[in-house]
Amino acid sequence: HVKSVARAFSFDSAVRSQLARPAPYVIRVHVLRGHNMNPRDSSGKCDPYLEVVLGHRRHNRRDQYVRADLNPKFFQSFEFETELP
């Protein structure tokens, strides 16, 4: 994808090589709330929890589930360290 962008904007070779070089980033994901979740039990409710995945990295907050709520409020943040492109 970076190469096609470079061609579209006619970057010189120095700029193209810098764009293609992997650089470290921190990706932050903020989850505030769920909305109109699907009921999963006989009472018409669910016990939602958060699981956030980026590539092979996973954050699982199954132990912090919200009991019997179809519109849960989570207010949780996650961080992933990765390299792009």
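Below is a summary of the structure that appears in this document. Please read all numbers here as calculations on a predicted model, not as lab measurements.

**Description of the overall build of the protein chain**
A count of helical and extended segments in the protein chain gives 2 helices and 4 strands. Seen in sequence order, the protein chain has helices and strands lined up from the N terminus as α-α-β-β-β-β. In the protein chain, buried positions account for 18% of the 85 residues. The long-range share in the protein chain, meaning contacts at least 24 apart out of those at least 6 apart in sequence, stands at 60%. In the structure as shown, the protein chain presents an accessible area of about 6,900 Å², 50% of it carried by carbon and sulfur atoms.

**Considerations on the nonpolar core**
V31, L50, V52, V66, F74, F78 and F80 together form the largest nonpolar core, which totals 7 residues. Looking at which element gives the most residues to this core, the answer is strand β4 (residues 73–84), with 3 residues. Among all residues touching V31, those that are not within four sequence positions of it are L50, F74, F75, Q76 and F78.

**Some remarks on the pairing of strand β3 (residues 57–60)**
One face of the sheet, then the other: side chains in a regular strand alternate in exactly this way. Alignment of strand β2 (residues 51–54) against β3, held across 4 bridges, turns out to be antiparallel. Each bridged residue has a counterpart across the sheet, and for L54 the counterpart in β3 is R57. In sequence, β2 turns back onto β3 through a hairpin of 2 residues, with G55 there showing a positive phi of about 65°.

**Examining unusual backbone geometry**
With omega at 0°, the peptide bond leading from L84 into P85 counts as cis. Positive phi outside glycine occurs at A68, with the angle close to 45°. Its place among the elements puts A68 in the loop between β3 and β4. Overall, A68 belongs to the partly exposed group, its relative accessible area being 38%. Positive phi, close to 50°, is recorded for F75, a residue that is not glycine. Within the fold, F75 resides in strand β4.

**So, the side chain of T82**
With respect to the helices and strands, the residue T82 is situated in strand β4. On the accessibility criterion, T82 (18% relative accessible area) is buried.

**Some points on the environment of P39**
By the secondary structure assignment, P39 is in the loop between β1 (23–33) and β2. Residue classification places P39 among the partly exposed positions, given a relative accessible area of 46%. Separated by 31 residues in the primary sequence, P39 and L70 have C-alpha atoms spaced 6.9 Å apart. Leaving out residues up to four positions away in the same chain, P39 has contacts with G44, K45 and L70.

So, how was this worked out
- Residues numbered from 1 in each chain as written.
- Predicted model: local features only at pLDDT ≥ 70, side-chain atom pairs only at ≥ 80, totals over all residues.
- Heavy atoms only, no water.
- Helix = DSSP H or I, 4+ residues; strand = E, 2+ residues; numbered from the N terminus.
- Buried < 20%, exposed > 50% of the residue type's maximum accessible area, 1.4 Å probe, protein only.
- Contact = heavy atoms within 4.5 Å.
- Areas by Shrake-Rupley, 256 points an atom, 1.4 Å probe, with all protein chains shown as cover.
- Core = buried A, V, L, I, M, F, W, Y, C linked by side-chain atoms within 4.5 Å.
- Pairing = 2+ DSSP bridges.

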